[in-house]
Each structure stands twice: as C-alpha cells, then as structure tokens.
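Overview (structure and organization)
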Amino acid sequence: QVQLVESGGGLVQAGGSLRLSCAASGSLFSINTMGWYRQAPGKQRELVADITSSGNTNYVDSVKGRFTISRDNAKNTVYLQMNSLKPEDTAVYYCNARRVRSWDGYYDYWGQGTQVTVSS
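Since this is a predicted model, take the numbers as computed values, not measurements.

Across its full length, the protein holds 0 helices and 11 strands. The C-alpha atoms of the protein give a radius of gyration of 14 Å, which matches the 14 Å a tight globule of 120 residues would have. The dimensions of the protein, computed from C-alpha atoms along their principal axes, are 45 × 30 × 25 Å. In the protein, the proportion of contacts linking residues at least 24 apart, taken out of those at least 6 apart, comes to 53%.

Counting across every chain of the model gives 7 salt bridges. For D61, the salt bridge is made with K64, and the minimal N-O distance between the two is 3.0 Å. Taken together, the salt bridges that share partners define one network made up of R38, E46, R66 and D89.

Parameters at a glance
Residues numbered from 1 in each chain as written. Predicted model: local features only at pLDDT ≥ 70, side-chain atom pairs only at ≥ 80, totals over all residues. Heavy atoms only, no water. Helix = DSSP H or I, 4+ residues; strand = E, 2+ residues; numbered from the N terminus. Rg over C-alpha atoms; globule rule 2.2 N^0.38 Å. Contact = heavy atoms within 4.5 Å. Salt bridge = Lys/Arg side-chain N within 4 Å of Asp/Glu carboxyl O.

So, in structure tokens, the structure goes:
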C-alpha cells in the first residue's frame, strides 16, 4: 500500500552533516505524521523526529538544535537535516509514516533503513 524509500545515509566525521530523504508512494490516504526513528545495536528503537501534515514538529531531546525535520507535501517527501553529528548518532535510521483513521486507530509503515555512521 505505502512504500517508503530512503536515501542519504553514509559515513561522516564527528561534526559533519548528512541529509536523509524519505519519499512516500502508494496509497497515502489518511497518512498524517511522518518521521524518523533510529536504532543502534543492542538498543531500543527511538523516535528521532516527526512532522505532521500541517508542519508541527517533534524531536528527541538529544538532537534538538542539531537536527531539522521538514516535509515537502507536493513531493510526499520528508527530510532530516543532521548537523553537528556525534558518534552517538550512529544507528540505522528508519523512515516512518503513520496512517490515522478515527475508526480503527493507526498503522505504521516503515522504510528499509539507512545506516548512519559517525566517526570520532
């Protein structure tokens, strides 16, 4: 139904920047929030940032001031600009799209994940 294609991951030095992109396609009816999660080996997956169709944003405290999430509704694409990267940002980053319907709650769609590695 919904496909999420990610790009932009890679290897950077501490203090560097990366820009992740996630393009959504398929049946986008009732897709409201899109965002980015990350998971490091041995750790729980955590929400990094998300954004609603109306532009409201949310960030995990550890990335505030460094990361910026944005959304191009015309292209159905979400971006994550990551600046001042730290080694602790190293993880697999997953794009997420959430379908919300009043009669059956929500359902999450996930991208394949893209590796972000920050060297010290």
